[in-house]
Amino acid sequence: MIRLAGRLLPLAALLLWEILCRRGVIDARFLPAPSAILACLGAPGTAGDLLAQTSRTLLRTLGGFALGGAAGFGLGLACGAVRSLDAALRPLVEILRPIPSVAVIPVAVLWLGLGNSLDVVVVAFACSWPVFVAARDAVHAVDPTLCDTARLGGLSPGRVFRLVVLPASLPGTITGLRTALGIAVAVAVSCEMVAGSDGLGQLALTASYARQDPLAWLAVLAMGLAGGVCALGFSLLTRWAQRRRPGLLEIQPGRGRMP
Amino acid sequence: MRLQAQDLGLHYRRNGATTTILADISFTLAEGEFLSLLGPSGVGKTTLLRCLAGLVRPTRGAVLVDGSPLCGTLPGAAMVFQDYAASLFPWRTVLGNVRFGLEGQKLSGPEREALARAALTDVGLADFAAHHPFELSGGMQQRVALARAVASGARLLLMDEPFASVDALTRIELEDLLLRLWHERRASVLFVTHDVEEALYLSDRVLVLGDRPARLVGDVPVPLPRPREQLRTRGDPAFAALRGALFALLGKGTSA
């Protein structure tokens, strides 16, 4: 019941918005009605253009997410497993991590020029940190009891890592990936606005400058929808994994450390 | 296997101050013996067990296995922990968990499977092979941990208060299961506990650990007849006498 209500909530919000506009409570010069926004899809070429820009933004989002996620995952696992590496890299990481991703654009442009690779790299930069931190901390949090069991069983450090540490740290890492995916959409759009020539970010910006209010709103709604689709896809993927390997993604309750 | 602790000591330094955890611990665990380490909570029993297993390197003395010094982890040993839920792999089935004990050994897949299934049958969980640990009760999870330990063909079971977090009835069942497995598999057992009666009921010999730093304060043989039975053994006058002796060694004999 609650779930159904939750799914209907966006529709209800749209309906309320429409009613408030029709009643004149909201001035259409500031906020066009949803029907007006959707109506501009009817203009020749708009629907196709919106689809093309959305797919460009999604491609940059997912490309950057894949690249940054993989980098953060690998480096996070390495820093989690090797304490000395973590200690050595920590100052550098703490300096790089707070840099806003949009601030990377001016210097990244010097290397990559304008275009897709710039957006993908900036998105990857933004995505790598939450995954890195989550993976590193998840490895640190693996219960030593599990590792002791494996070590006494005669497993080499490599196999202890592969058979115990990697699966045990997965739930924590997944949380980092989920966070990074949300960031990816936002950063991809900001990149398009600051240094792009197409994509939803650029579409929203140009429409706004041209006072095509409904089109600007349409682009913004499409961003939300694109993010929602990404999150849904991620959920479905983890649920599928959970069905295939029960217990794998179960977050284990926190436990006391061995002395 | 014969396991010997020779003047074991462990201390660590923090902010210039040295804290000693283990001091001058020497004893021998004979082949096939059931030996208990009895001591109050927080005394360092777990640390001693981890030293003997080669998971922690002692700062003094040595661990000898059949006469030669141990380097690396103790071969042919398996550990059973108090926190059974933390020691089982949640992403593996019950069978997968038991098979894990065999993954460090050069065996074929079917051989591993057969040994794991045999161990599961031994602990009475043959029907739960395909379940996951979180679907089982605490007592059953600890049975899985026991099965994993014996499936590996361990010559020595290191047990760290394994029955301290299950209810009293389950505990009695698990104690008798352990005695049966020990008898059938002819392994040695080093059993850490803070429970005087449990130590007496199970063991051939009880070593009593004193407080801060942990050191041996008593070595008490338990000549109670085997096979042991919960009611008969615990009702034996000799059992009561030994219990008094152990309490005295722990310094809890008299009400202060």
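Bringing the overall build of chain B into the picture now. Within chain B, the secondary structure is distributed over 9 helices and 10 strands. What you see for chain B is a C-alpha radius of gyration of 18 Å, in line with the 18 Å of a compact globule of 256 residues. Considering only C-alpha atoms, chain B reaches an extent of 55 × 45 × 35 Å along its principal axes. Considering chain B as a whole, with its 256 residues, one finds that 43% of them fall into the buried category. In chain B, of all internal contacts separated by at least 6 residues, the share reaching a separation of at least 24 is 69%.

Among the nonpolar cores identified, the biggest contains 129 residues, and V123 and A184 of chain A together with L52, A147, L157, L158 and L190 of chain B are the most heavily contacted of them. A per-element tally of this core places helix α8 (residues 157-195) of chain A first, with 17 residues. Aside from chain neighbours lying at most four places away, what touches L52 of chain B is L3, A5, V63, L74, L158 and L190 of chain B.

A separate point is the packing of α8 of chain A against helix α10 (residues 213-244) of chain A. All names here are of chain A. As a packed pair, α8 and α10 sit with axes 10 Å apart at the nearest point and diverge in direction by 160°. Taken together, the axes of α8 and α10 lie roughly antiparallel to each other. Judged by the sense of rotation from one axis to the other, the crossing of α8 with α10 is right-handed. Here I174, R178, L181, G182, V185 and V189 of α8 come into contact with α10, specifically with M223, A226, G227, C230, A231, F234 and T238.

Once that is clear, we can look at the sheet that holds strand β6 (residues 77-80) of chain B. Residue and element names in this part refer to chain B. Ordered by their spatial adjacency, 6 strands build an open sheet running β6-β7-β8-β3-β9-β10, and the pairing between neighbours is mixed. The strands lining the two open edges of the sheet, one partner per strand, are β6 and β10 (215-221). Averaged over all adjacent pairs, the angle separating strand axes in this sheet is 20°, with direction ignored. The sheet contact formed by strand β9 (residues 205-210) and β10 spans 6 bridges and is antiparallel. Considered in β10, the bridge of L207 is made with D219.

All names here are of chain B. Of the residues in chain B, 98% have a pLDDT of 70 or more, and the chain-wide mean is 87. Across chain B, element-level confidence peaks in strand β8 (residues 188-193) with a mean pLDDT of 93 and bottoms out in helix α2 (residues 84-87) with 82. For this predicted complex, the interface score ipTM comes out at 0.80, while the overall pTM is 0.83.

Once that is clear, we can look at the environment of T173 of chain A. Residue and element names in this part refer to chain A. Looking at the element boundaries, T173 is found in helix α8. A sequence separation of 46 residues divides T173 from C127, and the C-alpha atoms of the two residues are 13 Å apart. Those residues in contact with T173, other than ones at most four positions away along the chain, are F73, V131, A134, A135 and A138.

Time to look at the packing of helix α3 (residues 46-81) of chain A against α8 of chain A. Residues and elements named next belong to chain A. It is at 8 Å that the axes of α3 and α8 come closest, and there the two elements cross at 145°. For α3 against α8, the interelement crossing comes out right-handed. Of α8, the residues touching α3 (which contributes T57, R60, T61, G64, F65, G68, G69, F73, G80 and A81) are F161, V165, S169, T173, L177, A180, L181, A184, V185, A188, V189 and E192. Partitioning the contact of α3 with α8 into residue classes produces 12 nonpolar, 8 polar and 2 charged.

Tallying the contact residues gives 21 residues for chain A and 25 residues for chain B. At the level of secondary structure, the elements contributing two or more residues to the side of chain A that touches chain B comprise α7 (144-152) and α8 of chain A. Sort the elements by how many residues they give to the side of chain A that touches chain B and α7 of chain A lands first, with 6 residues. Here the side of chain A that touches chain B is built from residues that sort into 9 nonpolar, 6 polar and 6 charged.

Right, let's get into unusual backbone geometry. Of the consecutive residues R226 of chain B and P227 of chain B, the connecting peptide bond is found in the cis state with omega at -5°. Mapped onto the elements of the fold, P227 of chain B is located in the loop between β10 and α8 (230-235). Even without being glycine, R211 of chain A reaches a positive phi, approximately 55°. Examined against the element boundaries, R211 of chain A turns out to sit in the loop between α9 (199-209) and α10. Assessed through the 8 C-beta atoms surrounding it within 10 Å, R211 of chain A is described here as exposed.

To continue, consider the sheet that holds strand β5 (residues 68-69) of chain B. If you walk across this open sheet you meet the 4 strands as β2-β1-β4-β5 (chain B), and the pairing is antiparallel. Single-partner strands in this sheet number two, and they are β2 (17-29) and β5 of chain B.

Right, let's talk about the environment of L146 of chain B for a bit. Residues and elements named next belong to chain B. Here L146 lies in helix α5 (residues 138-151). For L146, a count of 25 C-beta atoms within 10 Å puts it in the buried group. Through-space distance from the C-alpha of L146 to that of L178 is 8.0 Å; in sequence the pair is 32 residues apart. The contact partners of L146, leaving out residues within four places of it in the chain, are V80, V123, L177, L178 and L181.

To continue, consider the environment of E31 of chain B. Residue and element names in this part refer to chain B. Following the sequence through the fold, E31 ends up in the loop between β2 and β3 (34-38). Along the backbone, E31 and V189 are 158 residues apart, and their C-alpha atoms lie at a distance of 9.3 Å. When near neighbours in sequence (up to four residues on either side) are disregarded, E31 contacts M1, R2 and S188.

Here helix α4 (residues 109-122) of chain B spans 20 Å end to end across 14 residues, near enough to the 20 Å set by a 1.5 Å rise per residue. Phi turns positive, to about 80°, at G124 of chain B, one or two residues after α4 of chain B.

All names here are of chain B. Among the 6 residues of β8, 6 are classified as buried, and the element is accordingly described as predominantly covered. In β8, alternate side chains face the same way, and those of S188, L190 and V192 on one face and V189, F191 and T193 on the other are all buried. Taken together, the 5 bridges between β3 and β8 define a ladder with parallel strand orientation. The partner of F34 across the bridge, within β8, is V189. Here 5 bridges tie strand β7 (residues 156-160) to β8, and the two strands are oriented parallel to one another. Bridging from a neighbouring strand, D160 pairs with V192 of β8. Assessed by its sense of winding, the connection that carries the chain from β7 through helix α6 (residues 168-185) to β8 is right-handed.

What counts, and at which threshold
Residues numbered from 1 in each chain as written. Chains lettered and ligands numbered in written order. Predicted model: local features only at pLDDT ≥ 70, side-chain atom pairs only at ≥ 80, totals over all residues. Helix = DSSP H or I, 4+ residues; strand = E, 2+ residues; numbered from the N terminus. Rg over C-alpha atoms; globule rule 2.2 N^0.38 Å. Buried ≥ 20, exposed ≤ 12 C-beta atoms within 10 Å, placed from the backbone. Contact = placed C-beta atoms within 7 Å. Core = buried A, V, L, I, M, F, W, Y, C linked by C-beta atoms within 7 Å. Axes fitted to C-alpha atoms, helices over the stretch in contact; angles between N-to-C directions. Parallel < 35°, antiparallel > 145°, perpendicular 65-115°, else oblique. Left-handed = near helix turned anticlockwise from the far one by under 90°. Pairing = 2+ DSSP bridges. pLDDT = per-residue confidence, 0-100. Nonpolar A, V, L, I, M, F, W, Y, C, P; charged D, E, K, R; others polar. Expected span 1.5 Å × (residues − 1). Right-handed = clockwise from strand over helix to strand, strands pointing away.

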